[in-house]
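An overview of the molecular structure
These are the residues of each chain, in order.
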Amino acid sequence: TDTDPVENAPPIVAFTTVALGSFRGIVADLLWLRTIALQDKGQYFEMVQLASWITKLQPRFTGATAYLAWNMAYNISVTFSSAEDRWRWVKRGIELIRDEALNYNPADPILYKELGWIYQHKMGNIMDDANIYYKNQMATELMDAFGAPEPDWDFLASMPDNEEQFKKRFDEKSPVWKAIKDSGVGSLEALEKSFRENRRLPEKFTEKLKDASDLKNVEGYLRKRFLKARYKLDAAKIVQINNKYGKLDWRLPEAHAIYWATLGLEHQQSSEPDINCERMISQSLAEA
């Protein structure tokens with residue numbers, strides 16, 4: 001087992017890689033056997049946690065993560081008759097790659113390609129009887145995150161990326177800080193936490209901050225960071241894609257397939273473009 005330090009690893013991953021050393025490969029094997037046994041018995045729910053543990057124990061084994069995600073999105077999902085249950089497993093497959101594996105392997109083109117494939121084929125195609133339900137759920141969830149049918153991506157891209165940049169945009173004399181204090185929110189961190197929970201600015205804060213331009217900018221900053229944290233959507237990258245291919249509807253799975261395939265091409269290690277990612281982009285453009 002590769003025992004090199006893993007970059008971007010959370011504490012639990014750093015701990016297991018150091019504490020277990022090469023023995024973590026044996027633990028991972030036991031978890032794989034447990035996963036296979038549960039699937040054979042049709043006992044699926046423990047498999048989400050097992051997949052997460054396997055990913056943490058073998059963070060660089062991206063082929064394993066890709067398989068686990070595909071297994072949940074394809075094999076396990078179709079064993080359920082309910083569209084709602086199927087959607088839950090498709091989402092778990094997406095989250096395993098997007099929210100976990102890519103944190104440990106941000107430059108691995110295989111993961112971007114596999115993630116884009118779930119969006120293009122599983123959700124965008126009509127092979128699954130529940131595909132319309134997937135599309136509706138995705139669109140509804142994204143519109144809630146966008147705060148509208150579609151955000152102004154150019155505006156979001158122009159917003160600060162972090163608190164340091166935010167403080168440069170709004171200095172200590174800005175009424176934004178007074179509104180945070182007077183509304184009882186307390187801090188920018190607390191304001192962001194409230195926004196992520198409710199997808200909108202606290203009413204007490206908006207009452208204190210009268211300037212419409214400041215309100216728009218604060219909300220834009222928080223929404224940009226929420227979309228990056230929750231869905232790993234980079235507003236600046238989306239602007240580039242829209243400028244290259246034409247304005248896409250980002251409620252559609254095809255747009256997200258194009259997004260992840262584009263990142264896959266950017267992270268490829270070969271001098272030759274990945275034909276799979278290029279096909280994914282062209283096919284998704286046609287479908288979109």
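Not measured: the values here are computed from a predicted model.

**Thoughts on helix α10 (residues 175–182)**
Looking only at α10, the buried set comprises Val176, Ala179 and Ile180. In an axial view of α10, the angular spread of the buried residues amounts to 100°, which keeps them on one side of the axis. Every exposed residue of α10 that faces more than 90 degrees away from the buried side is listed here: Lys178 and Lys181. If you follow the buried residues of α10, they end up packed against α9 (163–169), α11 (188–198), α12 (203–208) and α13 (212–231). Looking at the residues trailing α10, positive phi occurs at glycine 184, about 85°.

**Concerning empty space enclosed by the protein**
Counted under the stated rule, the structure contains one cavity of 30 Å³ or more. Taken as a whole, the largest cavity holds about 150 Å³ of empty space. Contributing to the lining of the largest cavity are 13 residues, with Trp87, Arg98, Tyr119, Glu141 and Tyr231 lying nearest its centre. Sorting elements by how many residues they give to the lining of the largest cavity places helix α5 (residues 83–104) first, with five residues.

**Focus: the confidence of the model for the protein chain**
Looking at the protein chain as a whole, its pLDDT mean stands at 89, while 92% of the residues score no less than 70. Model confidence for the protein chain, summarised as mean pLDDT per element, is weakest for helix α1 (residues 11–19) at 63 and strongest for helix α14 (residues 235–245) at 98.

**Points about helix α6 (residues 109–123)**
The first and last C-alpha atoms of α6 sit 21 Å apart over 15 residues, in line with the 21 Å expected at 1.5 Å per residue. Buried within α6 we find Pro109, Leu111, Tyr112, Leu115, Gly116, Ile118, Tyr119, Gln120, Lys122 and Met123. Residues of α6 that are buried make contact with α4 (62–76), α5, α7 (131–146), α15 (253–266) and α16 (275–287). The N-terminus of α6 is capped by aspartate 108, whose side-chain oxygen sits 2.9 Å from the backbone nitrogen of isoleucine 110.

**Let's talk about the environment of leucine 57**
Secondary-structure assignment places leucine 57 in helix α3 (residues 46–57). Since its relative accessible area comes to 7%, leucine 57 is described here as buried. A sequence separation of 26 residues divides leucine 57 from leucine 31, and the C-alpha atoms of the two residues are 9.8 Å apart.

**Notes on the side chain of histidine 256**
With respect to the helices and strands, histidine 256 occurs in helix α15. Leaving out residues up to four positions away in the same chain, histidine 256 has contacts with Tyr119, Met138, Leu142, Leu233 and Trp250.

**Some words on the pattern of salt bridges**
Following the criterion strictly, the structure yields 20 salt bridges and no others. Residue arginine 230 is joined to glutamate 95 by a salt bridge in which the shortest nitrogen-to-oxygen separation is 4.0 Å. Linking arginine 230 in helix α13 with glutamate 95 in helix α5, this pair joins segments that are 135 residues apart in sequence. In this structure, the salt-bridge partner of arginine 225 is glutamate 192, at a minimum N-O distance of 2.7 Å. Residue arginine 225 is found in helix α13, and its partner glutamate 192 is found in helix α11; the two are separated by 33 residues along the sequence. In the salt-bridge network here, residues are joined through shared partners; they are Lys91, Arg92, Glu95, Glu141 and Arg230.

**As for a nonpolar patch on the surface**
Together, Phe23, Ile26, Leu30 and Leu33 line one region of the surface with nonpolar side chains, adding up to about 460 Å² of accessible area. Along the chain, the position of leucine 33 falls in helix α2 (residues 24–41). By relative accessible area, which is 56% here, leucine 33 ends up exposed.

**Regarding the layout of surface pockets**
One simple way to see leftover space: roll a probe sized like a water molecule over the atoms. Roughly 230 Å³ of volume is contained in the largest pocket. Looking at the largest pocket, it is lined by 13 residues, and the ones nearest its centre are Tyr112, Lys228, Lys232, Trp260 and Leu263. Of all elements in the fold, only α5 and α15 reach the threshold of two or more residues within the lining of the largest pocket. Among the residues forming the lining of the largest pocket, the class breakdown is six nonpolar, two polar and five charged. Here the second largest pocket defines a volume of roughly 170 Å³.

**Here we look at the packing of α11 against α13**
A pair of packed helices can be characterised by two numbers: the angle between their axes and the separation between those axes. Axis separation between α11 and α13 bottoms out at 10 Å; the angle between their running directions is 65°. On the basis of their axis angle, the class for α11 and α13 is roughly perpendicular. Remark: the crossing between α11 and α13 carries right-handed chirality. From α11, Leu188, Leu191, Glu192, Phe195 and Arg196 reach across to α13, where they touch Val218, Glu219, Tyr221, Leu222, Arg223, Arg225, Phe226 and Ala229. Residues that form the contact of α11 with α13 fall into these classes: eight nonpolar, no polar and five charged.

**Some remarks on the side chain of glutamate 192**
On the accessibility criterion, glutamate 192 (10% relative accessible area) is buried. Leaving out residues up to four positions away in the same chain, glutamate 192 has contacts with Leu222 and Arg225.

Reading guide: rules and limits
Residues numbered from 1 in each chain as written. Predicted model: local features only at pLDDT ≥ 70, side-chain atom pairs only at ≥ 80, totals over all residues. Heavy atoms only, no water. Buried < 20%, exposed > 50% of the residue type's maximum accessible area, 1.4 Å probe, protein only. Helix = DSSP H or I, 4+ residues; strand = E, 2+ residues; numbered from the N terminus. Arc of directions from axis to C-beta. Contact = heavy atoms within 4.5 Å. 1 Å grid on protein atoms, 1.4 Å probe; cavity = no way out; pocket = protein on both sides within 12 Å on 5 of 7 lines; lining within 4 Å. Points joined across faces, edges and corners; volume = space filled by probe spheres on them. pLDDT = per-residue confidence, 0-100. Expected span 1.5 Å × (residues − 1). Polar contact = N/O pair within 3.5 Å; in protein donor to acceptor, adjacent residues only side chain to side chain. Salt bridge = Lys/Arg side-chain N within 4 Å of Asp/Glu carboxyl O. Patch = residues over 30% accessible without salt bridge, like charges linked within 9 Å, V, L, I, M, F, W, Y side chains within 5 Å. Areas by Shrake-Rupley, 256 points an atom, 1.4 Å probe, with all protein chains shown as cover. Nonpolar A, V, L, I, M, F, W, Y, C, P; charged D, E, K, R; others polar. Axes fitted to C-alpha atoms, helices over the stretch in contact; angles between N-to-C directions. Parallel < 35°, antiparallel > 145°, perpendicular 65-115°, else oblique. Left-handed = near helix turned anticlockwise from the far one by under 90°.

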